[in-house]
Amino acid sequence: MRPVTAILLGTALLASPVTALAARPALAVSADFPGGSVHVDELDQEARAIRVQPADHPGRGWRCWWYFKVTGIEPGETLTVSVSGGGFALPDRAAFSLDGVAWKHTSPGRREKGKVTYAVRVDAREAYVAWGPPYLPLHARDLIARAVKACPRAKAFDLCRTREDRPTPALRIEPDDAQAERPILLWVQARQHAWESGSSWVCEGLVRWLCSDDARANALRRRCRIVAVPIMDIDNVVRGAGGKNQNPQDHNRDWSDQPHWRAVAAAQRMLREMNDAARLTLFIDLHNPGPGPRDQEVFFYTCPLAGLSEGRRTLLDAFLAAAKAEMAAPLGFRGQTRESGPGYDRNWERISKNWVADHLDGPVIAVTMETGWNTPHSTQANYQEVGRRLGLAVERHLGRPAGAGTAAP
Ligand SMILES: [Zn+2]
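Turning our eyes to something else, we now look at the sheet that holds strand β1 (residues 28–30). Across the sheet, which stays open at both edges, the five strands sit in the order β1-β4-β10-β6-β7 with antiparallel pairing between neighbours. Edge positions in the sheet fall to β1 and β7 (104–105), since each of these pairs with one other strand and no more. Here strand β6 (residues 95–97) runs beside strand β10 (residues 126–130); their pairing, made up of three bridges, is antiparallel. Across the sheet, residue A95 finds its bridge partner in β10, namely A130.

Further remarks concern the side chain of R191. Along the chain, R191 turns up in the loop between β13 (184–190) and α4 (197–210). One buried charged residue, R191, forms no salt bridge at all, with the nearest opposite charge on E196 at 7.0 Å. Among the polar contacts made by the side chain of R191, one reaches the side chain of S200 at a distance of 3.0 Å. In contact with R191, not counting residues within four places along its chain, are Y135, E196, S197, S199, S200, P230, I231, M232, D233, V237 and L286.

Before going further, it helps to spend a moment on the packing of α4 against helix α10 (residues 380–399). In the contact formed by α4 and α10, the axes pass within 6 Å of each other and the chain directions differ by 55 degrees. Judged on the interaxial angle alone, α10 and α4 are oblique. Considering only the axes of α4 and α10, their crossing is right-handed. Listed contacts from α10 to G198, W201, V202, E204, G205, L206, R208 and W209 of α4 are Q380, Y383, Q384, V386, G387, R388, L390, G391, L392 and E395. Taken together, the residues that form the contact of α4 with α10 break down as eight nonpolar, six polar and four charged.

Looking now at the nonpolar core. Formed by 88 residues in total, the largest nonpolar core has its most connected members in W66, I284, L286, F300, F319, M327 and M369. Among the nonpolar cores identified, the runner-up in size contains 26 residues, and W261, L271, F283 and C303 belong to it.

The share of residues in the protein chain with pLDDT of 70 or more is 91%, and the mean pLDDT across the chain is 92. Low confidence marks residues 1–17, where pLDDT is under 50. Its contacts with residues over four positions away, or in another chain, come to eight contacts. Below a pLDDT of 50 lies the segment residues 401–409, which in the model reaches 18 contacts outside its immediate sequence neighbourhood of four places, other chains included.

We now examine the side chain of R93. Along the chain, R93 turns up in the loop between β5 (78–84) and β6. Of the buried charged residues, R93 lacks a salt bridge, with D92 as the closest side chain of opposite charge at 4.3 Å. Those residues within four positions of R93 in sequence are excluded, and the remaining contacts are H105, T106, S107, P108, Y118, W131, T375 and P376.

Read across the sheet, five strands follow the order β2-β3-β5-β9-β8 without closing on themselves; strand pairing throughout is mixed. Only two strands of the sheet have a single partner each, and these edge strands are β2 (39–44) and β8 (110–112). Adjacent strand axes in the sheet meet at a mean angle of 20 degrees when their direction is disregarded. The pairing of β8 with strand β9 (residues 115–121) spans three bridges and is antiparallel. Paired with R110 across the bridge in β9 is T117.

Once that is clear, we can look at the coordination of the zinc ion. Distances from the zinc ion to its protein donors, H193 (ND1), E196 (OE), E196 (OE) and H287 (ND1), fall within 2.1 to 2.4 Å. If you look at the zinc ion, its four donor atoms make angles of 57 to 141 degrees with each other, and the shape they trace is irregular. When the donors of the zinc ion are listed by position in the chain, the intervening gaps give H-x2-E-x90-H. Placement of the pair is E196 in the loop between β13 and α4 and H287 in strand β15 (residues 280–287), with a sequence separation of 91 residues.

Applying the stated criterion across every chain yields a total of 21 aromatic pairs. Aromatic pair Y135 and W201: ring centres 4.8 Å apart, planes at 90 degrees, arrangement edge-to-face. Of this pair, Y135 sits in the loop between β10 and α3 (137–150) while W201 sits in helix α4, placing them 66 residues apart in sequence. The burial state of Y135 is the same as that of W201; both residues are buried. On the basis of an interplanar angle of 80 degrees and a centroid distance of 5.8 Å, the ring pair of F300 and F319 is categorised as edge-to-face. Of this pair, F300 sits in strand β16 (residues 298–302) while F319 sits in helix α8 (residues 310–326), and the two are 19 residues apart along the sequence.

What counts and what doesn't
- Residues numbered from 1 in each chain as written.
- Predicted model: local features only at pLDDT ≥ 70, side-chain atom pairs only at ≥ 80, totals over all residues.
- Heavy atoms only, no water.
- Pairing = 2+ DSSP bridges.
- Helix = DSSP H or I, 4+ residues; strand = E, 2+ residues; numbered from the N terminus.
- Buried < 20%, exposed > 50% of the residue type's maximum accessible area, 1.4 Å probe, protein only.
- Lys, Arg positive; Asp, Glu negative; His and termini not counted.
- Salt bridge = Lys/Arg side-chain N within 4 Å of Asp/Glu carboxyl O.
- Polar contact = N/O pair within 3.5 Å; in protein donor to acceptor, adjacent residues only side chain to side chain.
- Contact = heavy atoms within 4.5 Å.
- Axes fitted to C-alpha atoms, helices over the stretch in contact; angles between N-to-C directions.
- Parallel < 35°, antiparallel > 145°, perpendicular 65-115°, else oblique.
- Left-handed = near helix turned anticlockwise from the far one by under 90°.
- Nonpolar A, V, L, I, M, F, W, Y, C, P; charged D, E, K, R; others polar.
- Core = buried A, V, L, I, M, F, W, Y, C linked by side-chain atoms within 4.5 Å.
- pLDDT = per-residue confidence, 0-100.
- Donors = N, O, S within 2.8 Å, 3.2 Å for Na, K, Ca; no water.
- Tetrahedral: all angles 85-135°; square planar, octahedral: opposite > 155°, others 65-115°.
- Phe/Tyr/Trp six-rings, centres within 6.5 Å; stacked < 30°, edge-to-face > 60°.

The following block contains the structure:
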């Protein structure tokens, strides 16, 4: 710490800067709220600098999520926030918010090895700073409450109680009876990996659109039974842990005959039951990918293509073509896909979409959708727009007779 005498000597002739310094409020960092999590290395009150890293949550997955509140800010001052960690913990731009509701990006941080330093100008006495815009159980509950209000056939339900006894908010929308003796099943879930908050915002945008009075959303609701789960790993989202590769296993490597996580077991039960009554099942698992340059937009992981029947391959190709047509921007889908098979992960069969493809009968499209997070476009609004456009892609795919997905595979 700089000795106080040095400041006194250096400023003695100026008009009472010492009192101004003394009156400056002390910065404080807290994270004792849902989703909040941080390890503070240093608070430098003189330099107005905050040095942190993601908190360690042993056994709860990657150490990459951080979200905290700063108080004691002098309105108008610029804070220096340095975050240390691995690549997944270090976005080019941090997210910040004055109210914890609306989030903006900082300008790009200064990157050093294992560290990024952000300048955050704040026009308030307190602010929130995070890896990305947080998406918490309260957001999921609000979304579902709005959907139930907007759609007469929408119902809120709890997918399960988690192992830590929390509810897992979910939404179910039934099709119009007259049209849908064997409806199409659209299952959308996000956040098997707790740090990937952007994927829940994509889900939010999709559900908002689904329940809107847009004619194409209406058309989709007439024919589809829809289930949406905005947060699968509630416990780690509330804790503020990364979740990825947690113990005893990753949520998205848990899709076995004996799942450990209750959300997985409940989803498997419902998917089996609903698939029996469906003439097509479309399963979409939402994620955020890596930080690097090849993961900047939207892409899909597919099941190993060699294992797909001709019918399912045709359905998949038609769906991807519809997605390419509808999802040009923001964070566009250019047709890029990757396979998650044995070469991708030795537990590839326990990845949700692979389990779905293997365990559900008939016409099935099962994909993982990744939305880039480390870009200037990766905002609350744009994530939701990606979700809306995903809805349009589903509608386009189901609405076109060629590849409409009603033929047996
Ligand atoms: Zn993921």
